[in-house]
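Report on the structure
Each chain, written out:
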Amino acid sequence: MTIDVSAERVIPLPPEQVAEYAMDWRHDADWTQGIRRAELTREADGGGFDVGAEVTRTAYFLGRRIDYVLRVASYDFPRLLDMVSVAGPMPMHVTYAFDPYPDGDTLARIRVRGGPGGLARLIAPLMAHQVRTNIGKDLRDLERRLTQHSE
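I will try to describe carefully the structure that is included in this document. (Residues numbered from 1 in each chain as written. Predicted model: local features only at pLDDT ≥ 70, side-chain atom pairs only at ≥ 80, totals over all residues. Heavy atoms only, no water.)

**Topic: the pairing of strand 5 (residues 80–87)**
What counts is decided by this rule: At least two bridges found by DSSP between two strands is the condition for calling them paired. Only DSSP runs of H or I with at least four residues qualify as helices, and only runs of E with at least two residues qualify as strands; both kinds are numbered from the N terminus onward.
Direction of pairing for strand 4 (residues 64–76) relative to strand 5: antiparallel, over a ladder of 7 bridges. Paired with Val72 across the bridge in strand 5 is Met83. Relative to strand 6 (residues 92–101), strand 5 runs antiparallel, the two sharing 5 bridges. Among the inter-strand pairings, Met83 is bridged to a residue of strand 6, identified as Val94. In this antiparallel pair of consecutive strands, strand 5 and strand 6, the connection spans 4 residues, and Gly88 shows a positive phi of 150°.

Written as structure tokens, this is what we have:
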């Protein structure tokens, strides 16, 4: 893996409220940079969205369309959603974490690991910078969307 970036932000809402929105794949395109479409393409063995479920996303990154599938590897509502790519142009591991913070707030974190192989490794530093920028914006947009809805 050539990329390992993360971002965090304190969101002035309780973890359950932040996680309820952020861990719902139906909202992916509303707050996640570049994602135009997200669809639950495989339910978990017990049904619904849990470990084993798969979400197919269509995104645009560095001007290119990217279609990929993320499988839920770990799901511990409202604390953790961990997903790994099972189809797409590059290996990827995405983790969302929502921890209690003083005064009832949430420490929201996103970590993305993975990246290009072969000759594309040469652009890994550019990709890492862009991913770090995007996930910082994701958390900003998540906070804006949730605080506007709670007013």
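**Notes on empty space enclosed by the protein**
The test is simple: Both cavities and pockets are sets of points on a 1 Å grid over the protein atoms alone; in a cavity a 1.4 Å probe fits but cannot get out, in a pocket the set is open with protein on both sides within 12 Å along at least five of seven lines, and lining residues sit with an atom within 4 Å of a point. Grid points are joined across faces, edges and corners, and a volume is the space filled by probe spheres set on the points. Side-chain classes follow a simple rule in which Ala, Val, Leu, Ile, Met, Phe, Trp, Tyr, Cys and Pro form the nonpolar group, Asp, Glu, Lys and Arg form the charged group, and the remainder, Gly included, forms the polar group.
Under the defined criterion, the tally for this structure stands at 2 cavities of 30 Å³ or more. Here the largest cavity defines a volume of roughly 410 Å³. Considering the residues around the largest cavity, the lining is formed by 26 residues, among which Phe61, Tyr68, Met92, Val112 and Val131 are closest to the centre. Going through the elements one at a time, strand 3 (54–61), strand 4, strand 6, strand 7 (105–114) and helix 3 (124–150) are the ones with two or more residues in the lining of the largest cavity. A per-element tally of the lining of the largest cavity places helix 3 first, with 5 residues. Of the residues belonging to the lining of the largest cavity, the class tally is 17 nonpolar, 6 polar and 3 charged. Around the second largest cavity, the lining residues are Trp25, Asp28, Phe49, Val55, Arg57, Leu81, Met83 and Tyr96. Counting residues per element, the ones that place at least two in the lining of the second largest cavity are strand 3 and strand 5. When the residues that make up the lining of the second largest cavity are grouped by side-chain class, the tally is 6 nonpolar, no polar and 2 charged.

**Remarks on the environment of Ile35**
Formally: The buried label goes to any residue with under 20% of its type's maximum accessible area, the exposed label to any with over 50%, and the partly exposed label to all in between, with areas taken from a 1.4 Å probe on protein chains only. What makes two residues a contact is simply this: any of their non-hydrogen atoms within 4.5 Å.
In this structure, Ile35 sits in strand 2 (residues 35–42). Among the residues examined, Ile35 registers a relative accessible area of 5% and is labelled buried. With 24 residues separating them along the chain, Ile35 and Ala59 place their C-alpha atoms 4.1 Å apart. With near-sequence residues (within four places) excluded, Ile35 lies in contact with Asp28, Ala29, Arg57, Thr58, Ala59 and Tyr68.

**Some remarks on the packing of aromatic side chains**
Just so we agree on the cut-off: A pair of Phe, Tyr and Trp rings is counted when the ring centres sit within 6.5 Å of each other, with Trp represented by its six-membered ring. The angle between the planes then sorts it: under 30 degrees is stacked, over 60 is edge-to-face, the rest tilted.
In this structure the tally under the stated criterion is 2 aromatic pairs. Relative to Tyr96, the ring of Trp31 lies with its centre 5.6 Å away and its plane at 50°, an arrangement referred to as tilted. Taken together, the residues span a long stretch of sequence, with Trp31 in helix 2 (residues 28–31) and Tyr96 in strand 6 at a distance of 65 residues. Take Trp31 and Tyr96: they sit in the same class, and that class is buried.

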